[in-house]
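Architecture at a glance
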Amino acid sequence: MPLPRYGEDALADLLPSVLAALGVPDEIDVLGLPPARRYCVLLVDALGWNLLRAHPAQAPFLTSLTGRSITAGTPTTTATSLASLGTGLPPGKHGIVGYTSRVPGGDGIFNALKWDPPLDPLTYQPYPSLFDRAARAGVATTVIGQSSFRDTGLTRAAMGGPFRSANTYGQRVAAAVEGSSGATPSLVYVYDGDLDYTGHQHGWRSAAWRYQLAMVDRFAEQLYDELPPETVLVVTADHGMVDVDPDRRVDVDDVPALREGVALVAGEARFRHVYTASSAVADDVAAAWRSVLGDRAAVLTRAEAVTAGWFGAVEARVAERIGDVVASVHGDCAVERRSVFPVETRLRGLHGALSDDELMVPLLVGEA
């Protein structure tokens, strides 16, 4: 099973490398990016490296760029990845450890995308963003995303920086060009989520996904063409995706052994955080989950996952957010709980686990 390459070749290393390439002191370019006065980083949600390589005809521009793969973090999900991108930290330090996790000090579920319940973002994730670090160094920064993301808890926790609402491809190109056109060094970040939405609904092997990839490719090409001189475009993603076999879905509600000693199940269908009724039964719960799931998942206790480096260095304040038991699902399987997460049961494409298709994301570089 592949693991994140924190500090060497991971999504968390991207913006520190960009800042170093922009000449910001004390930043390290571990990814080997070219020096430039301006950078534009386009993150295409769910554009996995393997998925892109499987569809060169639909993405002629993207596949023409100088590229290789880097890793996302654990789990391979948007909230965790965006926090790693924005802070330059592994999940064990920034603390956004999944799509859902246990509310700190409580018994409920915290949804990091919806930021519900509404915890204080700057307490939950106390580290400054790289956009704030760039601004202090004199780099003009712009964060571009859908208007619904403005001032959300996740945006405040992960990104910071001046936010520009852009709901269409045209608006995103225009905002990126404007943000890159000043006299000072600049960093522009653009987020696009339509490929992820399409993949969840139809699967990444569907015609709808291929058509959407072609639209993303044209958008990226237009963005590249319109950016001013001395701007480097970097295209990456937060995770990939797998299509789940309807006959290989396991529902926790249907298997009593998966609920014995369990107080709360969180995470998502490809990566589960399992919180036990007491720490004393964590080994027993892990054994039960291994017995039921067999080769369909890697099931570790929290201590085993931390030792294995799944979350990078883990701070004490973050440790309790990680499940007492964690399960990364293999192949085309899913571990669901319809009574708590009913939407997951209707999705074709999913992500979150530590498979090549989910963990490996592109690092594509286009120099103007």
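Let us look at the structure shown here. The model shown is predicted, which means the values in this text are computed figures rather than measured ones.

Thoughts on the overall build of the protein
Each helix and strand in the protein was counted, giving 15 helices and 17 strands. At 20 Å, the protein has a C-alpha radius of gyration in line with the 21 Å of a compact globule built from 368 residues. Relative to its full complement of 368 residues, the protein shows a buried share of 58%. Counted over contacts in the protein with a minimum sequence separation of 6, partners at least 24 positions apart contribute 73%. Surface summary for the protein: the accessible area is close to 13700 Å², and the carbon and sulfur share equals 51%. A distance of 2 Å separates the average location of the 31 positive side-chain charges in the protein from that of its 44 negative side-chain charges.

Concerning the sheet that holds strand β12 (residues 271–276)
The 4 strands lie next to each other as β11-β12-β14-β13, forming an open sheet whose pairing is antiparallel. Of all strands in the sheet, those with a lone pairing partner are β11 (262–268) and β13 (297–301), marking the two edges. Between one strand axis and the next, the sheet turns through 20° on average, direction left out of account. Across 6 bridges, the pairing between β11 and β12 is antiparallel. For G267, the partnering residue across the bridge sits in β12 and is R272. Seen against the sheet, helix α12 (residues 282–293) touches β11, β12, β13 and β14 (325–329) and runs at an angle of roughly 175° to β13.

Remarks on helix α1 (residues 14–21)
Burial runs high along α1: 7 of the 8 residues are buried. Looking at the buried positions of α1, the neighbouring elements they touch are β1 (38–44), α4 (78–87), α7 (130–136), β7 (186–192), β8 (231–236) and β17 (360–367). Of the residues trailing α1, G23 is marked for its positive phi of about 90°.

Some remarks on the packing of aromatic side chains
Applying the stated rule across the entire model yields 10 aromatic pairs. For the ring pair F110 and Y124, a centre distance of 4.8 Å and an interplane angle of 50° mean the geometry is tilted. Within this pair, whereas F110 is found in strand β4 (residues 109–111), its partner Y124 is found in helix α6 (residues 121–124), the two being separated by 14 residues in sequence. For the pair F110 and Y124, one class covers both residues: buried. Among the aromatic residues, ring-to-ring pairing joins F110, W115 and Y124 into one connected group. The residue whose ring lies beneath R321 is Y124, and the NZ or CZ to ring-centre distance is 3.7 Å.

Conventions adopted
Residues numbered from 1 in each chain as written. Predicted model: local features only at pLDDT ≥ 70, side-chain atom pairs only at ≥ 80, totals over all residues. Heavy atoms only, no water. Helix = DSSP H or I, 4+ residues; strand = E, 2+ residues; numbered from the N terminus. Rg over C-alpha atoms; globule rule 2.2 N^0.38 Å. Buried < 20%, exposed > 50% of the residue type's maximum accessible area, 1.4 Å probe, protein only. Contact = heavy atoms within 4.5 Å. Areas by Shrake-Rupley, 256 points an atom, 1.4 Å probe, with all protein chains shown as cover. Lys, Arg positive; Asp, Glu negative; His and termini not counted. Charge placed at Lys NZ, Arg CZ, Asp CG, Glu CD. Pairing = 2+ DSSP bridges. Axes fitted to C-alpha atoms, helices over the stretch in contact; angles between N-to-C directions. Phe/Tyr/Trp six-rings, centres within 6.5 Å; stacked < 30°, edge-to-face > 60°. Lys NZ or Arg CZ within 6 Å of the ring centre and 35° of its normal.

By themselves, these are just geometric observations and shouldn't be taken as functional.
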